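# Summary of structural features
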Amino acid sequence: WGEDTTYKLRVHRGFNEVFSDGLYGTVLSTIMPLLQLVHDSTNKPYYDNVIHFGGHSLGGANAQVFGTYFAYFHSNIKTYVTTLGA
């Protein structure tokens, strides 16, 4: 998320700071290898290129932001977001 890069996404400064602190990159580095797992017997993707983000309250708000960013930058992966009280 370079400072000289412009995206057409608008996010409240407080929520965007979560990404500036590297949390998005940390989560991304954890989930991307999982999305690449394949079944031993069929060699088909285990997760079928689908990801779900979810949360409640502040976690729900973060899930919305994470899901939106993820869907925007990984349009080949079906992205779902479920929140409660966000």
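Our subject is the structure that appears above.
Reading the values: the criteria
Residues numbered from 1 in each chain as written. Predicted model: local features only at pLDDT ≥ 70, side-chain atom pairs only at ≥ 80, totals over all residues. Heavy atoms only, no water. Helix = DSSP H or I, 4+ residues; strand = E, 2+ residues; numbered from the N terminus. Buried < 20%, exposed > 50% of the residue type's maximum accessible area, 1.4 Å probe, protein only. Contact = heavy atoms within 4.5 Å. Axes fitted to C-alpha atoms, helices over the stretch in contact; angles between N-to-C directions. Parallel < 35°, antiparallel > 145°, perpendicular 65-115°, else oblique. Left-handed = near helix turned anticlockwise from the far one by under 90°. Expected span 1.5 Å × (residues − 1). Core = buried A, V, L, I, M, F, W, Y, C linked by side-chain atoms within 4.5 Å.

What follows concerns the overall build of the chain. A tally of regular secondary structure across the chain gives 3 helices and 2 strands. Ordered by position from the N terminus, the helices and strands of the chain form the series α-α-β-α-β. Counting over 86 residues, the chain shows a buried share of 21%. Within the chain, counting contacts between residues at least 6 apart in sequence, those at least 24 apart form 61% of the total.

Think of two packed helices as two axes; the pair is described by the angle between the axes and how far apart they sit. Put simply, helix 2 (residues 23–35) and helix 3 (residues 58–73) touch, their axes get as near as 12 Å, and they point 60° apart. Between helix 2 and helix 3, the interaxial angle falls into the category oblique. In this structure, the crossing between helix 2 and helix 3 has a hand that is right-handed. Where helix 2 abuts helix 3, its residues L23, Y24, V27, L28, I31, M32 and L35 lie against F66, Y69 and F70.

Moving on, we get to unusual backbone geometry. Positive phi is not limited to glycine here, since N43 has a value of about 60°. Note on placement: N43 falls in the loop between helix 2 and strand 1 (50–56). You can call N43 exposed: its relative accessible area is 58%. Residues other than glycine seldom take positive phi values, yet S57 does so here, at roughly 60°. The partly exposed category is assigned to S57, whose relative accessible area is 35%.

This brings us to helix 2. Count 3.6 residues to each turn of an α-helix, and residues three or four apart come out pointing the same way. Compared with the 18 Å implied by 1.5 Å per residue over 13 residues, the 18 Å span of helix 2 between its first and last C-alpha is a close match. Every buried residue belonging to helix 2 is among Y24, I31 and L35, and all of these are buried.

Formed by V18, Y24, I31, L35, I51, F53, A63, V65, F66, Y69, F70 and I77, the largest nonpolar core amounts to 12 residues. Listed by contribution, the elements that provide at least two residues to this core are helix 2, strand 1 and helix 3.

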